[in-house]
Every structure is written in C-alpha cells, then in structure tokens.
Amino acid sequence: MTRHNQIAMDCFESLSRTDSNKWHPNLWPPFTQVALTSPPQKVISANGAKLILEKDSRPLIDAISSWWVTLHGHSHPHIANAISQQARRLEQVIFADFNHPQAEQLAERLSKKTDLERLFFSDNGSTAVEVALKIAYQYWYNRDEQRHQIIAFDGAYHGDTFGAMAVGERNIFNAPFNKMLFPVKRLHWPATWWEDETVENREQIILEDLEKSLETPTAAVILEPLLQGAGGMAIVREEFLQKVALRVKQAEALLITDEVLTGFGRCGSLFAFQRAKITPDLIALSKGLTGGFLPMGVTLAKEQIFQTFVGDNPKLTLWHGHSFTANPLGCAAANASLDLLEKAPNLYQDFEARHLPHLQALSKHPKIEHPRLLGTIAAFDLVVDGPKGYMNPAGRIIKEKAMDYGVFLRPLGNVVYLLPPLCLTEEELEQCYSAIQLGLSAL
Ligand SMILES: Cc1ncc(COP(=O)(O)O)c(C=O)c1O
C-alpha cells in the first residue's frame, strides 16, 4: 500500500459506520462507500439555484452546481424548451452516416469561440479527454514519428475511463487498476493562493523539470488550465501556464487543455485558456456544455491535426465513436446554453467581484487557510490536524451544518469551495457564506 493510500485508509477509519441496508436495493451510487455514508435524500424538482427535497418540500441551494454541471440554473426554460422542441423534430440519428443542423451550428459556434476548427463529439468529460489523448497519440503515429511520452500533473483529475485515469493522479480511486494504466511523466502543480510568497520559486523548479522531461520525445502535455477541480480547487498563475505552453511549443509537443470544469465561464472568461492567454492544440469540454441538462462531451482540435487523419490509407482514421455521438437533444441544449452565455457574459465575468468581499471577510477566520478565488469559484482549506486531502473528514462537518442551513456543499476533504450556478442571487450568495460560517463554528 502506498503512503497516499495508507493516509486515505486512516481517514476512512475515522468516519462512522452506517447501515448499508438502508440504501435502495437496486442502486449502486457513484463515488460512495455505502458502509460509511448515509443514504441520500430524494430530490423531486429543481429551479434556479435551488433543489427541492421530497422531505417537507425543503429548498436547498445547490452551491456546487450538481457536480459542476448546472451552469445557468436548474430547469432553465430556454434550454428546457430547446430540448423539448428538438425532441419532437429529431431525437437521435447515427452520426457516421448523417449530419443534422444542431450539430453543425454547435460545431461552428464552438470553433469560432476557441479558434480550433474541428469538433469531435462524445458523451461526457472522461470520453472528451480520452478522445483528446487518442488524437494526440495517433497524430504522431500518422506522421510516422516516434513520440510516446505523455506529461501530466500531480493532483490532476481527468475522469474515470482508463486513459483518463492514467493521466490523473494515482491514488485510492484508481489503485486497483494501477497495473493497467499506461506510464505518464508527472510534474508538480504549483498551486497558489492569496498572499502566497513562495509560488515563483516553486514554479521555477517545475519549469526546469518540464524542460528536462521534454528532452524525451513527447506526444502531449495535458493539464487543467488555471484550476484543478477534484485535485482541491488548486489554482495556478497565468504566468506559469504561459511558460509551460511556450516550452511545450518549443518541443513541438501537443498541448491538451482539459476544460471539462473550467469551460463556459467558470473561471471568469468563456474558456480558462483565454484568461491564461495560452493556445491549446486540443480542448476537452463537457459539464457546462449543455448547461448541465444532458450528458455530452466534445474534443476540439486544430485543423492541422485533423489533416493528418485524412488520406487514402484507412489506418490514418480515428477509429473512435459512440452510439450517441452528436445526439441532437444534447446539441440543442448546448446551442441554447451558448445563447444564454452570449446574451449575458457579465454573469460569469462579474462573479469574482461578487465573491470577493465575502471571501475576504471569511479569510480572517482562524480555521481557514489558503483562500483563493477564480471567476465563479471561491475556495479555501480548513486548518486540520493530521493528513489533508480528499479523505480528510473535516469537510463533512461543514457539509452537515450547511445542509441544516439550506445550502448544499460537497467539500473535497478539507477543501471547502463554492461553485454555484450563474443565476445565484445576492441573497443566496450571502446564505452560502453564512452556512460556511455556521459550519466553521461547529469545527
Ligand atoms: C477536469 C475534469 N476532467 C474530466 C472530468 C470527467 O468528467 P465526467 O465526470 O463527465 O466523465 C472531470 C469531472 O469532474 C473533470 O473535473
């Protein structure tokens, strides 16, 4: 057992046992140890930022946008109408033999916004990453060049399919599959926060490591631009990413930005790579793509990459596809979501300023360290004894108290964060911060 996994198990020991028989006998929940957690409450509807629980019809602010997908708010009428109209016209068609207007429109719009010309559809964030990795790797194969190294970062999370697990951090979540995951060169991630005085030194060491690593022929470097989500809302500076991108370009490797979380305004700009002022070769998108209504992923690639897949020899083909590729309902939802983003960009551009006074006030609390803010996302670490990280139980206390106060949070171990939908009102934002204050008092 690795040290990381040992720490995780030690933390698990401190969680209380619950009766797994109380869970629904036919459901297998995601990311959940049923022996150590209570069964979830039932949600009967949702509107705006609020989930409505079956019990007492109690409203609960969804302060993490239901695993970071709900972009504009729940049940937004513009997206709901677009899906409903599309369902009556064309619900699904095989995309290898046919095309449809919603897919064309979405591809044109996203291509214009990212400057990457080609769009490949898949089903979720993991598959969008999986496709990006396969394109990057096959690109060199198609060019008959020997480049096999992939570089990724500590703390990364890119999804749960095998390729995505391989480039993500190796930890308790993928330990059973470790021997099946391809090797990846890994670099530290220089996470930073307010008043961090050591970041430049840490970045410099990592950049030197990157330069050395790039001496090995490298197919691609993959990173979450500006913010690692599941890795603890770990923010890096734009300057660092610019230096990484420059070195990757000099080594003629491909740069993949996984914007599954950071895309669609979450970091204050439409895409995080734009705020960071870097130019990726491939981008993976999902989550907010359909406004959070339907599962869909897309991978965007430069035209020059696409052209290496074109030719008389069938071996050049990207032999990859999913039954629901470019599902028309998903495309209609994504187009409707883009309408909303285009109509009111201020909603994501101004969110950082809305968080600021609240986080400033909260950051004075003695149980808080490393406050950080990026666009719609505010985060901090709880000062805890013992091992930090995802398995640390401290966040659970905050979660329970916040829930009593009508706010749903899901801390990542000792990292507490807010990642609300864009429709959140001032009153609801205040309620979120009050809920955190209440939770802190209980620690
Ligand atoms: C950056 C990033 N990439 C990929 C994924 C995987 O997405 P999905 O859960 O849709 O497979 C996630 C999910 O949280 C993510 O945050």
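The rules we used
- Residues numbered from 1 in each chain as written.
- Predicted model: local features only at pLDDT ≥ 70, side-chain atom pairs only at ≥ 80, totals over all residues.
- Near = placed C-beta within 6 Å.
- Helix = DSSP H or I, 4+ residues; strand = E, 2+ residues; numbered from the N terminus.
- Nonpolar A, V, L, I, M, F, W, Y, C, P; charged D, E, K, R; others polar.
- Expected span 1.5 Å × (residues − 1).
- Buried ≥ 20, exposed ≤ 12 C-beta atoms within 10 Å, placed from the backbone.
- Contact = placed C-beta atoms within 7 Å.
- Pairing = 2+ DSSP bridges.
- Axes fitted to C-alpha atoms, helices over the stretch in contact; angles between N-to-C directions.
- Domains from an automatic or database assignment.

### Concerning the site of the ligand
Then, number 1: Close contacts around the ligand come from 14 residues, with Asn124, Gly125, Ser126, Gly159 and Val260 the closest.
Then, number 2: Per element, the largest residue contribution to the shell around the ligand is three residues, and it comes from helix α5 (residues 125-142).
Then, number 3: Considered class by class, the residues forming the shell around the ligand number five nonpolar, seven polar and two charged.

### Overview of the environment of Asp312
Then, number 1: Within the secondary structure layout, Asp312 lies in the loop between α10 (303-307) and α11 (328-343).
Then, number 2: Distance from Asp312 to Ala301, taken between C-alpha atoms, is 21 Å for residues 11 residues apart in sequence.

### What to know about α11
Then, number 1: Between the first and last C-alpha of α11 there are 22 Å, a value that for 16 residues agrees with the 22 Å anticipated at 1.5 Å per step.
Then, number 2: Burial in α11 covers these residues: Pro328, Leu329, Gly330, Cys331, Ala332, Ala333, Ala334, Asn335, Ala336, Ser337 and Leu340.
Then, number 3: Where α11 is buried, its residues meet α3 (77-89) and α4 (101-114).

### Re the pairing of strand β16 (residues 415-418)
Moving residue by residue along a regular strand, the side chains alternate between the two faces of the sheet.
Then, number 1: The two faces of β16 match: Val415 and Tyr417 on one face and Val416 and Leu418 on the other face are all buried.
Then, number 2: By the bridge criterion, four bridges tie strand β14 (residues 377-382) to β16 in an arrangement that is antiparallel. When the bridges of β16 are listed, Ala379 appears paired with Tyr417.

### Concerning the sheet that holds strand β7 (residues 218-223)
Then, number 1: With mixed pairing, seven strands are arranged side by side in an open sheet as β4-β12-β11-β10-β7-β5-β6. Either end of the sheet is taken by a strand with one partner, and the two such strands are β4 (118-122) and β6 (185-187). Averaged over all neighbouring strand pairs, the angle between strand axes comes to 20 degrees, with direction disregarded.
Then, number 2: In this fold α5 packs onto β4, β7, β10 (254-258), β11 (282-285) and β12 (297-301), with an angle of close to 30 degrees to the strand it touches most, β12.
Then, number 3: Of the strands in this sheet, β5 (149-153) and β6 touch helix α7 (residues 199-213), which is tilted by about 165 degrees from β6.

### Observations regarding the sheet that holds strand β13 (residues 368-374)
Then, number 1: With antiparallel pairing, three strands are arranged side by side in an open sheet as β13-β14-β16. The sheet is open, and its two borders are formed by β13 and β16, each paired with just one other strand. Each adjacent strand pair in this sheet contributes to an overall mean axis angle of 15 degrees, direction not counted.

### A few points about the domain arrangement of the protein chain
Then, number 1: Assigned domains of the protein chain: these are domain 1 (41-70 + 352-441) and domain 2 (77-343).
Then, number 2: If you look at the interface, domain 1 gives 19 residues, while domain 2 gives 17 residues.
Then, number 3: Of all the secondary structure elements, the ones that give two or more residues to the side of domain 1 that touches domain 2 are α2 (65-68), β13, β14 and β16.
Then, number 4: The leading source of residues in the side of domain 1 that touches domain 2 is β13, at four residues.

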